[in-house]
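The lines below spell out each chain.
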Amino acid sequence: MNNSNNNTIEDINRQYFNILKPAFIFVSILLPVGLVGNSIALYIYGFRFQKLPVHVFLISLAVFDMIGCIFGIPLEMVALWYSKMYPSNILCKLEKFFIFYSSITSTITLLVIAVERYNKVCRHNKKQLSVRAAKIMTVTIGFGSVGLALPGALFFEKMNDPFSVSSVEKVCFYRYGYERLRNYFLTSLGIDLLILTVMFFLYQRIWKVAKEHYIPTNYTINLNLNNMNARNQNTRTYAKIRQTNKILVCITFLFAISFIPGLILGITYPLIEGKHIPDVAEYFRHVVIRMWILNCTMNPIVYGLLNTRFRRIAKNIFCRIVFRKTNETERGASSDTSR
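Residues numbered from 1 in each chain as written. Predicted model: local features only at pLDDT ≥ 70, side-chain atom pairs only at ≥ 80, totals over all residues. Heavy atoms only, no water.

Turning next to the packing of helix α2 (residues 53–81) against helix α3 (residues 89–122). For the pair α2 and α3, the least separation of the axes is 8 Å and the interaxial angle reads 160°. With respect to their mutual orientation, α2 and α3 come out roughly antiparallel. Of the two elements, α2 crosses α3, and the hand of that crossing is left-handed. Taken together, the residues that form the contact of α2 with α3 break down as 19 nonpolar, 7 polar and 5 charged. (Axes fitted to C-alpha atoms, helices over the stretch in contact; angles between N-to-C directions. Helix = DSSP H or I, 4+ residues; strand = E, 2+ residues; numbered from the N terminus. Parallel < 35°, antiparallel > 145°, perpendicular 65-115°, else oblique. Left-handed = near helix turned anticlockwise from the far one by under 90°. Nonpolar A, V, L, I, M, F, W, Y, C, P; charged D, E, K, R; others polar.)

In structure tokens:
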């Protein structure tokens, strides 16, 4: 984008925001979705579901996602709104810290969930993780990830735009130059791909073992009631395992599309910087860079679409809220009429 010498920094910022507007709309839509969805997930898994290790991990995932929604997304919106006149060095460091923290905690939690599911199904005769141990692990993940997210606070700062000839454009950027940042992106991409490979392998094994052990392919004709009850129990157990694993696989896939494309764009960005790029491609690029927001806002949607009980409880909550508001409106109208 060419900026005239007569343009003020406000003009430059306003012009560049036109490129960022689709990304800003994208983020603005997902913010309330994430706040409402994660609140419902916290309530349902925290108070309506049986306390199991996998549910403890899903509660912690909703907590980490909520942190991203409350802190990371609003600060991302500030970065979009003031893209060329970033207001504060402290906000810059907080923005990157919370983005890193939300991403890292989600990654580790998803990996731990995959390992727990593998032990539950494929090694069911071995000692299983207790609820207390799961709670300790989630606390450890929460505090341990603070150290892993510190590069966001230490290495990013408010500075002159390194890709602009103008000295008045202020951005939140990596203070050691783009080469080191690209190396960080490469390392992050390699770790994420390794973790995703491990998780997909574990879930593939889970699906295979669950199908072999809980759904016998050949049943002899037997009217014995105990055998029929055992078969029905196996079928129900398999259905529960299949539904839980389907949810977790979809969450893992959502994690992949949330982070992998953005990291690839971060690595390849210098190859296109300074070249003429169509506006549509720029719109798309800035949306993809912020795809991490999908990870902390859409997980509850996955719960709702694939978990029958979760969907039923959420529907009842919504109906009670609507019914209560309707009754309050009717009582208010009747009181006004009586006057």
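On we go.
Here the focus is the nonpolar core. Soluble globular proteins tend to pack their nonpolar side chains together in the buried interior. Grouped together as the largest cluster of nonpolar side chains are 87 residues, with contacts concentrated most on Leu58, Ile73, Tyr203, Ile251 and Tyr303. When neighbours within four sequence positions are excluded, Ile73 is seen to be in contact with Val27, Leu31, Gly68, Trp292, Ile293, Cys296 and Thr297. (Core = buried A, V, L, I, M, F, W, Y, C linked by side-chain atoms within 4.5 Å. Buried < 20%, exposed > 50% of the residue type's maximum accessible area, 1.4 Å probe, protein only. Contact = heavy atoms within 4.5 Å.)

The UniProt record marks residues 23–45, 57–82, 97–115, 136–156, 184–203, 247–267 and 287–306 with the feature "transmembrane region" (unreviewed entry), using the residue numbering of this structure. Between the first and last C-alpha atoms of residues 23–45 the distance is 32 Å; the span itself is 100% helix and 0% strand. The span residues 136–156 shows a helical share of 90% and a strand share of 5%, and its end C-alpha atoms are spaced 31 Å apart. (UniProt positions renumbered as here; feature names shortened; annotations may be inferred.)

Structurally, Ile141 can be placed in helix α4 (residues 131–154). A relative accessible area of 8% means that Ile141 is categorised as buried. The sequence separation of Ile141 and Ser106 amounts to 35 residues, and the corresponding C-alpha distance is 9.5 Å.

The next point concerns the confidence of the model for the protein chain. Residues shown with low pLDDT carry predicted positions that ought not to be read at fine detail. The predicted model of the protein chain has a mean per-residue pLDDT of 82, with 83% of residues at 70 or higher. When the criterion is pLDDT under 50, residues 217–223 qualifies, and its contacts beyond four places in sequence or with other chains add up to 4 contacts. (pLDDT = per-residue confidence, 0-100.)

Turning to the pairing of strand β2 (residues 170–174), a few remarks are in order. β2 sits mainly inside the fold: 4 of its 5 residues count as buried. Bridge count between strand β1 (residues 156–160) and β2: 5 bridges; the pairing is antiparallel. Bridge pairing links Met159 to Val171 in β2. (Pairing = 2+ DSSP bridges.)

As a further point, take the pattern of salt bridges. Scanning the model with the defined rule gives 7 salt bridges in all. With a shortest N-O distance of 2.9 Å, Asp11 and Arg14 are connected by a salt bridge. With a gap of 3 residues between them, Asp11 and Arg14 both fall in helix α1 (residues 9–48), about one helical turn apart. For Asp11, a relative accessible area of 24% translates into the label partly exposed. We note a salt bridge from Arg290 to Glu76, for which the minimum N-O separation is 3.2 Å. On the criterion of sequence distance, the pair formed by Arg290 in the loop between α7 (279–289) and α8 (292–297) and Glu76 in helix α2 is long-range, its members being 214 residues apart. For Arg290, a relative accessible area of 10% corresponds to the buried category. (Salt bridge = Lys/Arg side-chain N within 4 Å of Asp/Glu carboxyl O.)

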